[in-house]
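Letter by letter, the chains look like this.
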Amino acid sequence: MSQKSKKTILILANFSAGLYDFRGELLKRLINEYHVICVIPDAAKAAELRDLGCELIITPINRRGMNPREDIKLIRDYRRIIKRVKPDLVLTFTIKPNVYGGFACRRLKVPYLSVITGLGSTFRGKKIVKRLIIILQRCGLKKSSCLFFENAEDMNLFAKYRIKGKKSRLVSGSGVNLQNFRMEPYPQMDGFNFLFVGRIMKEKGIEEFLTAAEVLHSENIHFKVLGFCEEDYQNQLDQMEVRGIIEQYGFLPDVREYYKQASAIVLPTYHEGMSNVLLEASATGRPIIASNIAGCREVFDEGETGFGFEKSNSDSLIQALKKFMAIPESERALMGRKAREKMGKEFDREKVVLAYIEEINEVLK
């Protein structure tokens, strides 16, 4: 089937790596039947997306904060692109593409689907800012054919603030590719390797992780940090590494080898849609030690596949780590095996992709 005879799906996203890494299987399915155009703000995974068969449009987007001038320009860019491309359907991911893409689609009467990948600090700001954001979300998402939510708490919060589309659907995050992240034997070692994977920023809980490392590190207890430093923590990380408290690896495109070496994955995050790091680590057969919040607590079963702790509470994290270190290695390995089983039953990415395909086909066919 030629591109001209195919219907066109336009995808709006705020990060090329996230689109490729977590939605690649969906894109492959869509490309078999539709002409797929992705609007992204960066070229980090542009080559990979083109190899899949996607057409790309690069449009700048400030992923964090609200700047009226930049945001108005983004709405205009989306409107201009939609008018030129004339898509049959628009699929949006993350807050700004959802809201501002929704504005453009409503104005141009183009059907759209919106994926709520997490709320970040959306509803945690000052009252006037929070009220403005709620109004923007209501207006931008009102005509969405379906709102996809990655956890029930976010879905309930939207209902509380009367933010709704034509329908809603709950999916298991972006799921996890069980072929890419295979079950690995639990590492045999005299001590412990605790691994943090994520953007280095306050809201991912890096301060609590570093505090725990300061208290608990020893010759046999190692704390490792893997991720891009998005906020001003690099000097602190460097100093702690010189002192032998942590090891840091920066951003790496493939983290599977580090999951294999870990005793447990530690994620003290403040908020998540559904943590891909925890899904990947669990699929690898590693226990989870994570904040007891929506987007994390769904991934692990307390005492069975991991331990939770109170968010933004270093003492609570330290107690969870001590509890984990107190159990025998055989039990820690069993936790990892159960984590893998849970991923197969509840978080297989194929099931998530099917949910998207069903809603897309319902709109287009």
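Residues numbered from 1 in each chain as written. Predicted model: local features only at pLDDT ≥ 70, side-chain atom pairs only at ≥ 80, totals over all residues. Heavy atoms only, no water.

> Tell me about the state of the cysteines, and please be specific about residues and values.
Summed over all chains, the structure comprises 0 disulfides. Free of any disulfide, Cys38 has its nearest neighbouring cysteine sulfur in Cys54, separated by 3.8 Å. Of the residues examined, Cys38 reaches a relative accessible area of 0% and is grouped as buried. (Disulfide = S-S within 2.5 Å. Buried < 20%, exposed > 50% of the residue type's maximum accessible area, 1.4 Å probe, protein only.)

> With reference to specific residues and values, describe a nonpolar patch on the surface.
A cluster of nonpolar side chains, Met66, Ile128, Val129 and Leu132, forms an exposed patch at the surface whose accessible area comes to about 360 Å². Relative to the helices and strands, Met66 is located in the loop between β3 (55-58) and α3 (68-85). (Patch = residues over 30% accessible without salt bridge, like charges linked within 9 Å, V, L, I, M, F, W, Y side chains within 5 Å. Areas by Shrake-Rupley, 256 points an atom, 1.4 Å probe, with all protein chains shown as cover. Salt bridge = Lys/Arg side-chain N within 4 Å of Asp/Glu carboxyl O. Helix = DSSP H or I, 4+ residues; strand = E, 2+ residues; numbered from the N terminus.)

> Just give me the short version of the pattern of salt bridges, but keep the residues and values in it.
Within this structure, the stated rule accounts for 21 salt bridges. Salt-bridge contacts for Glu25 lead to Arg349; the nearest nitrogen and oxygen are separated by 3.0 Å. Highlighted residues: Glu25 in helix α1 (residues 16-31) and Arg349 in helix α13 (residues 349-364), separated in sequence by 324 residues. Considered together, Glu25 and Arg349 belong to a single accessibility category, that of buried residues. Between Asp71 and Lys96 there is a salt bridge whose closest N-O contact spans 3.2 Å. In this pair, Asp71 is assigned in helix α3 and Lys96 in helix α4 (residues 95-108), connecting sequence segments 25 residues apart. The exposure class of Asp71 is buried, given its relative accessible area of 7%.

> Provide a residue-level description of the packing of aromatic side chains, including the pertinent values.
Scanning all chains against the criterion turns up 12 aromatic pairs. Here Phe196 and Phe209 contribute two aromatic rings whose centre-to-centre distance is 5.5 Å and whose plane-to-plane angle is 50°, an arrangement assigned as tilted. Here the residue Phe196 occupies a position in strand β8 (residues 192-197), and Phe209 occupies one in helix α7 (residues 206-216), the gap between them amounting to 13 residues. We classify Phe196 as buried; its relative accessible area is 0%. For Phe209, a relative accessible area of 0% corresponds to the buried category. (Phe/Tyr/Trp six-rings, centres within 6.5 Å; stacked < 30°, edge-to-face > 60°.)

> Describe the sheet that holds β8, with residues and values.
Adjacent strands of a sheet pair through backbone hydrogen bonds, lying either parallel or antiparallel. Spatially, β10-β9-β8-β11-β12-β13 is the arrangement adopted by the 6 strands of the open sheet, whose pairing is parallel. Looking at strand neighbours, the two that pair on one side only are β10 (247-248) and β13 (306-309), the edges of this open sheet. Strand direction decides the pairing type here: β8 and strand β9 (residues 221-226), joined by 6 bridges, are parallel. Counted as the bridge partner of Phe194 is Phe223 from β9. (Pairing = 2+ DSSP bridges.)

> Tell me about the nonpolar core, and name the residues and values.
In this structure, Phe194, Phe223, Ile246, Ile289, Leu321 and Phe324 are the most contacted members of the largest nonpolar core, which totals 34 residues. Taken together, the elements giving at least two residues each to this core come down to β8, α7, β9, α8 (234-242), β11 (264-267), β13, α11 (314-326) and α12 (329-346). Ile246 has contacts with Leu210, Ala213, Phe223, Val225, Leu237, Met240 and Glu241, leaving out every residue within four places of it along the chain. Judged by nonpolar contacts, the second largest core, of 32 residues, contains Leu27, Leu89, Phe93 and Ile357. (Core = buried A, V, L, I, M, F, W, Y, C linked by side-chain atoms within 4.5 Å. Contact = heavy atoms within 4.5 Å.)

> Got a sec to walk through the environment of Tyr258? Specific residues and values, please.
Within the secondary structure layout, Tyr258 lies in helix α9 (residues 256-261). A sequence separation of 63 residues divides Tyr258 from Leu321, and the C-alpha atoms of the two residues are 19 Å apart. Apart from the residues lying within four places of it in its own chain, the contact partners of Tyr258 are Leu195, Leu226, Tyr249 and Leu252.

> Would you mind going over the packing of helix α10 (residues 276-283) against α12 in detail, with residue names and values included?
Contact geometry of α10 with α12 gives a least axis separation of 7 Å together with a crossing angle of 115°. In contact with Leu279, Ser282 and Ala283 of α10, α12 contributes Gly336, Ala339, Arg340 and Met343. For the contact of α10 with α12, the class distribution of residues is 4 nonpolar, 2 polar and 1 charged. (Axes fitted to C-alpha atoms, helices over the stretch in contact; angles between N-to-C directions. Nonpolar A, V, L, I, M, F, W, Y, C, P; charged D, E, K, R; others polar.)

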